[in-house]
Amino acid sequence: MRRAALLGILLAVVIAGCAAPVLQDPIGEEGDVPWDRSLNVTTADGLNATERRLVVDRAMARLEHLRNLEFEKRVPVTVIDRAQYLANRSGGGGDETFQRWNDQVWEGLFIVGENRSFHEVQNRTLGSQVLGYYSPSREEIVIVSDSPTPTLSRGTLVHELVHALQDQHVGFGDGADTQDRQLARRSVTEGEANYLQSLYESRCGSGWSCIDSPASGGGGGGGQVDAGVLLVILQPYVTGPDFVAAIRDRSGWDGVDALYGQYPESTEQVIHPDRYPEESPVDVRVPDRSSDAWSRFDVDPVGDTLGEASIFAMFQDNGLRDGEGGRYSFQDEASAGWGGDTLVPYRDGDRYGYVWKTVWDTREDAREFRATYGELLATHDADARGDGVFVIPDANPFGDAFRVTRSGSTVTVVNAPTPADLADVHAPAD
């Protein structure tokens, strides 16, 4: 079974439109609009087609000026309402087998419990927050509007134009087969987009004549947002810009270009840029020691790598850590020192479990993770049964049995419906 994309922020949808013409302009000029031209445009009453084209052309020219990279094609901008965006997002998520597999991954993170589906939680979270996206399949920007008179946010436009520039020069081939690698790759694409957006905004405050961004409601309403899922989704946007800035400081724009040929292998390398590219993650293998009643899912790969960023989010979302630099720092002693991990979901009919093996740089790192994981279980009223076995009451969304063991710098968590099932999911080593 082909692995489905996990966090589909750059959603491709079918929208009628013409193929974008190839441009012949010099760098820093688009559609006869140079990067330093002033525009007599106001956003108070929305933008008509002519005004929108002028705004887009100048933004493209300014990004070329900042990045010293030419847009090869014009980038159309389409506006849809949020209801249409939500309808476009309603499908997807892979087949039922993949969704049940993926539910175990997010249950293992203590973010989405057994009473919810990750696919539905993700759709609601993104559906209420996304303001726009770039569609690689249509080579166009789609603005998601909550207003019958659409406005054009400068930040959203600039961010998505960077994605169009990336697509025209390096493409959006994914190729990442685990959650951690997907986040690491998006840390490059979203990191560069947010980094250039920040450079653009700083010049609007000192030197450039810019059109005021309209007031934004910030999406369709925070009531649908799951804080833990959103925290994981935001990691590339939050730590990616600092990673890209560090690479640019180290090797200039040529170094940033090279990232698309050698993506970071883990969110650890993104959170700690000094570890890129030398410190590769450990290839963690989980031996199958299940009984005949329990089996792995027909999903390729059979296990997922959660990584430092998701482990940080797990502890953060459950109120155990504030992070060394705050909620969005993604740096904390309990997740730092990560060396590699694999979580393998199991099933016995409609009963589920998993084995999560984590490897740490040092024994002390493993002890720190093991101790904090113990606190996590305690916050969910886990009852210690001895020999590393804990039971969370069934009334809790994460109600299950757990066996937590540490051997040197390795910590292994086995999850099953009851203590008696733990050995059937993963028999203890001799």
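Please refer to the structure placed before this passage.
Heads up: these notes are all about the structure in this document. (Residues numbered from 1 in each chain as written. Predicted model: local features only at pLDDT ≥ 70, side-chain atom pairs only at ≥ 80, totals over all residues. Heavy atoms only, no water.)

1. Looking at the packing of helix α2 (residues 82-89) against helix α4 (residues 118-129)
Then, number 1: With their axes 10 Å apart at the nearest point, α2 and α4 run at an angle of 155 degrees to one another. It follows that α2 is roughly antiparallel to α4 by the angle criterion. You can see that α2 and α4 cross each other, and the crossing is right-handed. Where α2 abuts α4, its residues Arg-82, Tyr-85, Leu-86 and Arg-89 lie against Gln-122, Asn-123, Leu-126, Gly-127, Ser-128 and Gln-129.
Then, number 2: Looking at side-chain class alone, the contact of α2 with α4 contains three nonpolar, five polar and two charged residues. (Axes fitted to C-alpha atoms, helices over the stretch in contact; angles between N-to-C directions. Helix = DSSP H or I, 4+ residues; strand = E, 2+ residues; numbered from the N terminus. Parallel < 35°, antiparallel > 145°, perpendicular 65-115°, else oblique. Left-handed = near helix turned anticlockwise from the far one by under 90°. Contact = heavy atoms within 4.5 Å. Nonpolar A, V, L, I, M, F, W, Y, C, P; charged D, E, K, R; others polar.)

2. Comments concerning the packing of aromatic side chains
Then, number 1: Inspection of the entire model under this criterion finds 18 aromatic pairs.
Then, number 2: With centroids separated by 6.0 Å and ring planes inclined at 50 degrees, the aromatic side chains of Trp-35 and Trp-208 adopt a geometry described as tilted. Here Trp-35, found in the loop between β2 (33-34) and α1 (49-67), pairs with Trp-208, found in the loop between α6 (179-204) and α7 (227-259); they are 173 residues apart in sequence, far enough to count as distant.
Then, number 3: The class for Trp-35 is partly exposed, based on a relative accessible area of 25%.
Then, number 4: In this structure Trp-208 comes out as buried when scored by relative accessible area, which is 13%.
Then, number 5: Between Tyr-260 and Tyr-263 the ring centres are 5.9 Å apart and the planes differ by 75 degrees, which places this aromatic pair in the edge-to-face class.
Then, number 6: Each member of the aromatic cluster is reached from another via a ring pair, and the members are Phe-110, Phe-315, Trp-356, Trp-360, Phe-369, Tyr-373, Phe-398 and Phe-402.
Then, number 7: Sitting above the plane of the Tyr-328 ring, Arg-327 keeps its charged end 6.0 Å from the centroid. (Phe/Tyr/Trp six-rings, centres within 6.5 Å; stacked < 30°, edge-to-face > 60°. Buried < 20%, exposed > 50% of the residue type's maximum accessible area, 1.4 Å probe, protein only. Lys NZ or Arg CZ within 6 Å of the ring centre and 35° of its normal.)

3. Here we look at the sheet that holds strand β6 (residues 295-296)
Then, number 1: A sheet is described by the order of its strands in space; here seven strands give the open sequence β6-β7-β8-β12-β11-β10-β9, paired in antiparallel fashion. Each edge of the open sheet is held by one strand with a lone partner, namely β6 and β9 (383-386).
Then, number 2: Pairing between strand β11 (residues 401-407) and strand β12 (residues 410-416): seven bridges, direction antiparallel. Among the inter-strand pairings, Thr-405 is bridged to a residue of β12, identified as Thr-412. (Pairing = 2+ DSSP bridges.)

4. Examining the pairing of strand β5 (residues 140-145)
Then, number 1: Counting buried positions over the six residues of β5 gives six, a clear majority of the element.
Then, number 2: In β5, alternate side chains face the same way, and those of Glu-140, Val-142 and Val-144 on one face and Ile-141, Ile-143 and Ser-145 on the other are all buried.
Then, number 3: The pairing of strand β4 (residues 132-135) with β5 spans four bridges and is antiparallel. When the bridges of β5 are listed, Tyr-133 appears paired with Val-142.

5. Section: the environment of Met-60
Then, number 1: Tracing the backbone through its elements, the reader meets Met-60 in helix α1.
Then, number 2: Classification of Met-60 by relative accessible area gives buried; the value is 1%.
Then, number 3: For the pair Met-60 and Ala-164, spaced 104 residues apart in sequence, the C-alpha to C-alpha distance is 9.9 Å.

6. With respect to the nonpolar core
Then, number 1: One finds Trp-106, Phe-110, Met-314, Trp-356, Phe-369, Tyr-373 and Phe-402 to be the most contacted residues of the largest nonpolar core, which totals 52 residues.
Then, number 2: Among the elements that line this core, the one with the most residues is helix α9 (residues 307-317), at six residues.
Then, number 3: Those residues within four positions of Trp-356 in sequence are excluded, and the remaining contacts are Gly-108, Leu-306, Ile-311, Met-314, Asp-341, Thr-342, Leu-343, Phe-369, Tyr-373, Val-411, Thr-412 and Val-413.
Then, number 4: Tyr-134, Leu-196, Trp-208 and Tyr-260 belong to the second-largest nonpolar core, a separate cluster that totals 43 residues. (Core = buried A, V, L, I, M, F, W, Y, C linked by side-chain atoms within 4.5 Å.)

7. As for helix α3 (residues 96-108)
Then, number 1: In this model α3 runs 18 Å from its N-terminal to its C-terminal C-alpha over 13 residues, within 8% of the 18 Å that 1.5 Å per residue would give.
Then, number 2: Along α3, eleven of the 13 residues are buried, which leaves the element largely enclosed by surrounding structure.
Then, number 3: Every buried residue of α3 is accounted for by Phe-98, Gln-99, Arg-100, Trp-101, Asn-102, Asp-103, Gln-104, Val-105, Trp-106, Glu-107 and Gly-108.
Then, number 4: Here the buried face of α3 lies against α4, α6, α7, α9, β7 (338-348) and β8 (351-360).
Then, number 5: One side-chain oxygen of the residue at the start of α3 lies 3.2 Å from the amide nitrogen of Thr-97, identifying that residue as Asp-95. (Expected span 1.5 Å × (residues − 1). Polar contact = N/O pair within 3.5 Å; in protein donor to acceptor, adjacent residues only side chain to side chain.)

8. Concerning the pattern of salt bridges
Then, number 1: Enumeration over the complete set of coordinates arrives at 18 salt bridges.
Then, number 2: Of the charged contacts in the structure, one is a salt bridge between Arg-321 and Glu-368, with a shortest N-O distance of 2.7 Å. You can see Arg-321 sitting in the loop between α9 and β7 and its partner Glu-368 sitting in helix α10 (residues 363-379), a full 47 residues away along the chain.
Then, number 3: The salt bridge involving Asp-348 is made with Arg-351; its shortest N-O contact spans 3.4 Å.
Then, number 4: Of the residues examined, Arg-351 reaches a relative accessible area of 29% and is grouped as partly exposed.
Then, number 5: Here the residues in one salt-bridge network are Arg-53, Asp-57 and Arg-74, joined through shared partners. (Salt bridge = Lys/Arg side-chain N within 4 Å of Asp/Glu carboxyl O.)

9. Comments concerning the state of the cysteines
Each disulfide consists of a covalent bond between the sulfur atoms of two cysteine residues.
Then, number 1: Enumeration according to the criterion identifies one disulfide in this entry.
Then, number 2: Paired by a disulfide, Cys-204 and Cys-210 hold their sulfur atoms 2.0 Å apart. Disulfide Cys-204-Cys-210: torsion about the S-S bond near -80 degrees, hence left-handed.
Then, number 3: Classification of Cys-204 as buried rests on a relative accessible area of 16%. (Disulfide = S-S within 2.5 Å.)

10. As for the side chain of Thr-267
Then, number 1: Following the sequence through the fold, Thr-267 ends up in helix α8 (residues 267-271).
Then, number 2: A polar atom in the side chain of Thr-267 sits 3.2 Å from the backbone nitrogen of Ala-309.
Then, number 3: Setting aside residues up to four positions removed in sequence, Thr-267 forms contacts with Asp-180, Leu-183, Ala-184, Gln-235, Gly-307, Glu-308 and Ala-309.

These results come straight from atomic positions and should not be treated as a statement about function.
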